[in-house]
Amino acid sequence: MSAPSKQPVVDPVVVTAGTTCAEAIAQAGLPTSGPKAIVVVRDASGQLRDLDWAPSSDESVEPIAIDSPDGLNVLRHSAAHVLAQAVQDLFPEAKLGIGPPVENGFYYDFSVSKPFQPDDLEKIEKRMQEIVKSGQTFKRRRFEDLEAAKAELKDEPFKLELVDIKGDVDADVMEVGGGELTIYDNFDKDGKRCWGDLCRGPHLPSTRFIPAFKIMRSAAAYWRGSEKNPQLQRIYGTAWPSRDALKAYLQFLEEAAKRDHRKIGSDLDLFSFPDEIGSGLAVFHPKGGIIRRELENYSRKRHEEEGYQFVNSPHITKEQLFLTSGHLPYYKDTMFPPMQIEGAEYYLKPMNCPMHHLIYRARGRSYRELPLRLFEFGTVYRYEKSGVVHGLTRVRGLTMDDSHIYTTQEQMGDEIKFLLKFVLDLLADYGLSDFYLELSTRDDSPKFVGSEENWAEATAALERAATESGLELVPDPGGAAFYGPKISVQARDAIGRSWQMSTIQVDFNMPERFGLEYQAADGTRKRPALIHRALFGSIERFFGVLTEHYAGAFPAWLSPIQVVGIPIRTDHAPFLQSFVDRLRGQGIRAEVDESDDRMQKKIRTAQQQKIPFMVLAGDEDVSNGTVSFRYRDGSQRNGVSLDEAVEHVVEFVKSRANSGPSAA
RNA sequence: GCCCGGUUAGCUCAAUUGGCAGAGCACCUGUCUUGUAAACAGGAGGUUAAGGGUUCGAGUCCCUUACUGGGCUCCA
């Protein structure tokens, strides 16, 4: 995401009783137009107010600029109103849903008989431009009472519903008359009212304050987010404080599209989703296979070093196992339907954990073995709804780097701390280093199992580990799974998008269900604590994220082809071949481009394949016993002796550096 | 699962109101032997996603299915 501008520090402004904020802002010499314009204020109670608000007593307010987070929301909210006005101008039968600001833009939902077509959107955008240009003012108006509101909104069924909900939920709002039911009217230059919408506000002073916007797309959305409700047509738009900001945002989207792992995956021949296999089921081609193997191998090595033990489990199992684990009742909808074998029902596994618990339970366990860390690259299958599968990030067959850690209650805190550090270090080794954490905890909902004390203890342990990491921690109350709290690690990629990566999850349910025990030092039998932990989440997803992070230019150690030899003339090929053979002898993935293409074309091809090292040799290099490097960034290092060149490549790959190589 | 698009050569995309399926890249063959992002010429490549319907005639219009894109819903 383009970084939101920081809330600018602006000194408060005092608004004299009976005058408007706009007057005070102008008097204070603050910008009233341009990309820093003050568009609303925050009053003493923290509420945002329109600029034409005139307090009844002197009040100190905080001016809010259009490029601040609050200001952007106001801008986008007002843009949504303009969108709705434009739609109702062009499609008078359209009924209004809701139209809030969202990240980077806004949307508005409409009920229309025919969904919007692409050229409808063009017309709507054009009409919006006219409205913006005409400089309509937004004016707040309070409804006298619920009945007045209903009378005025009689042709807007969805708005009526909103008014009713508001009345029901917060009945005294209307009764006290201090009420919140307001409408924003739009007036044109001649003071004629041209449109209005039930709305809490605040809004920009006028449509003139919308410097740059664009309609992005339309889509269906359920009224009030429930699939039981009718579907409305949603139009998405984006709006920015300046044309440049809009341009930068559109460029960001273009950059994101260029990095789309689905496109890169087919351009670089990494993986595909053959229709014949089925939706959401990927095959990895040889080059993708190399990357995947390198990803896995490094992870495997690090896990071994950290005391994990590797296990394997089958892909299908009898029904009973998932009844024991409790998955079947909860997740049957997202499991593939069972197959009948010898009178029993077998399911494809959607999770690895039950298998690991059986391994734990295979014999008596001693406290001396704990923490016991089981690890598996376990492939699972989930019947994701057809509308949600997406590239490698949401698939129906995925391989989790799944680990289950059994500890004593006393060890859990330290284990979590150790785990979080391990997870962050390992992600950093793959080149992701910009993280924040999310702590998902329980709320009052009855769905959560396990004792209050257990939850409190586990939550405290997670929170302590998170705090000690020094990373930003975002609370997610109520977001925990029913069986325990979790930390998730969110990583920001090269262009600032965040992806959920690893999760560390405490589970109070499974040890109970599987009757897991260990024998403590005092001879008593105790229940171990269980921590689920996935680091990549799924290999497929992680592969996709890394592909986008690197835009296909994988670090040399992951690159499917690390070195391509490019002869200047055909007869230089044998010289390069012997060089490449030396590299291969040291485990480097190297080849010579012996195609009929000219040297320049070979460079272009290698460049498009994002090969880290191009090694050229012509008459000069051959007679000097040297080669010349061209790196992926276009930089060169010429006339390098063969020994040095071999060492250079080998050392660079071994270093697992995630940037470069480069002569710079 | 729901709504709206889309599916034409390996890839990216053309094809007038229904009237002979085409281009670039990639691939193959030949010529050329060149110092850092595209040599030249030729060739091959198609049941227009699949199935059905309307029509003298369908890539084009209609129906069904599959896949796919954007959203909604969902995501242990």
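Keep in mind that what you see is a predicted model, and the values were worked out from it rather than measured.

## What to know about the overall build of chain A
Across its full length, chain A holds 20 helices and 32 strands. The buried share among the 664 residues of chain A stands at 49%. Considering only intrachain contacts with a sequence separation of at least 6, the fraction spanning at least 24 residues in chain A is 70%. As presented, chain A carries roughly 30900 Å² of accessible surface, and 49% of it is formed by carbon and sulfur atoms. A gap of 3 Å separates the mean positions of the 81 positive and 97 negative side-chain charges of chain A.

## Overview of the side chain of Asp-401
Tracing the backbone shows Asp-401 in strand β20 (residues 397-407). The buried charged residue Asp-401 lacks any salt bridge, with Arg-533 as its nearest oppositely charged partner at 4.2 Å.

## Quick look at the domain arrangement of chain A
Taken as a whole, chain A is organised into domain 1 (13-65), domain 2 (70-257), domain 3 (271-313 + 352-545) and domain 4 (563-654). Computed over C-alpha atoms, the centres of domain 2 and domain 4 are 59 Å apart.

## A word on the packing of aromatic side chains
A complete count under the given rule lists 30 aromatic pairs for this structure. Their ring planes at 0 degrees and their centres at 5.7 Å tell us that Phe-629 and Tyr-631 sit as a pair that is stacked. A residue is classified by how much of its surface remains accessible, and Tyr-631, at 0% relative accessible area, is buried. Following the ring pairs from residue to residue traces out a cluster consisting of Phe-271, Phe-273, Phe-284, Phe-543, Tyr-550 and Phe-554. The ring centre of Phe-284 lies 4.8 Å from the NZ or CZ of Arg-292, which sits over that ring. In this arrangement the basic side chain of Arg-656 is found over the ring face of Trp-557, its NZ or CZ atom lying 5.5 Å from the centre.

## Here's the deal with the protein's contact with RNA strand B
In the vicinity of RNA strand B there are 51 residues, among which Gln-231, Arg-569, Arg-598, Lys-601 and Arg-604 approach most closely. In RNA strand B, atoms within 4 Å of the protein come from the sugar-phosphate backbone in 52% of cases. Tyr-331 places a side-chain nitrogen or oxygen 2.9 Å from a sugar or linking oxygen of RNA strand B. Residue Gly-618 places a main-chain N or O atom 3.4 Å away from a base oxygen belonging to RNA strand B. Breaking the surface near RNA strand B down by element, the ones donating at least two residues are β11 (212-222), β12 (231-240), α11 (327-331), α18 (599-608), α19 (619-624), β31 (626-631) and β32 (636-641). When residues of the surface near RNA strand B are assigned to their parent elements, the largest contribution, 6 residues, is made by α18. Grouping the constituent residues of the surface near RNA strand B by class yields 16 nonpolar, 19 polar and 16 charged.

## Digging into unusual backbone geometry
Of the consecutive residues Leu-370 and Pro-371, the connecting peptide bond is found in the cis state with omega at -5 degrees. Secondary-structure assignment places Pro-371 in the loop between α12 (353-361) and β19 (372-381). Located in the positive-phi region is Glu-342, a residue other than glycine, with phi close to 50 degrees. Residue class for Glu-342 comes out exposed when judged on its relative accessible area of 79%.

Conventions and cut-offs
- Residues numbered from 1 in each chain as written.
- Chains lettered and ligands numbered in written order.
- Predicted model: local features only at pLDDT ≥ 70, side-chain atom pairs only at ≥ 80, totals over all residues.
- Heavy atoms only, no water.
- Helix = DSSP H or I, 4+ residues; strand = E, 2+ residues; numbered from the N terminus.
- Buried < 20%, exposed > 50% of the residue type's maximum accessible area, 1.4 Å probe, protein only.
- Contact = heavy atoms within 4.5 Å.
- Areas by Shrake-Rupley, 256 points an atom, 1.4 Å probe, with all protein chains shown as cover.
- Lys, Arg positive; Asp, Glu negative; His and termini not counted.
- Charge placed at Lys NZ, Arg CZ, Asp CG, Glu CD.
- Salt bridge = Lys/Arg side-chain N within 4 Å of Asp/Glu carboxyl O.
- Domains from an automatic or database assignment.
- Phe/Tyr/Trp six-rings, centres within 6.5 Å; stacked < 30°, edge-to-face > 60°.
- Lys NZ or Arg CZ within 6 Å of the ring centre and 35° of its normal.
- Near = heavy atom within 4 Å.
- Polar contact = N/O pair within 3.5 Å; in protein donor to acceptor, adjacent residues only side chain to side chain.
- Nonpolar A, V, L, I, M, F, W, Y, C, P; charged D, E, K, R; others polar.

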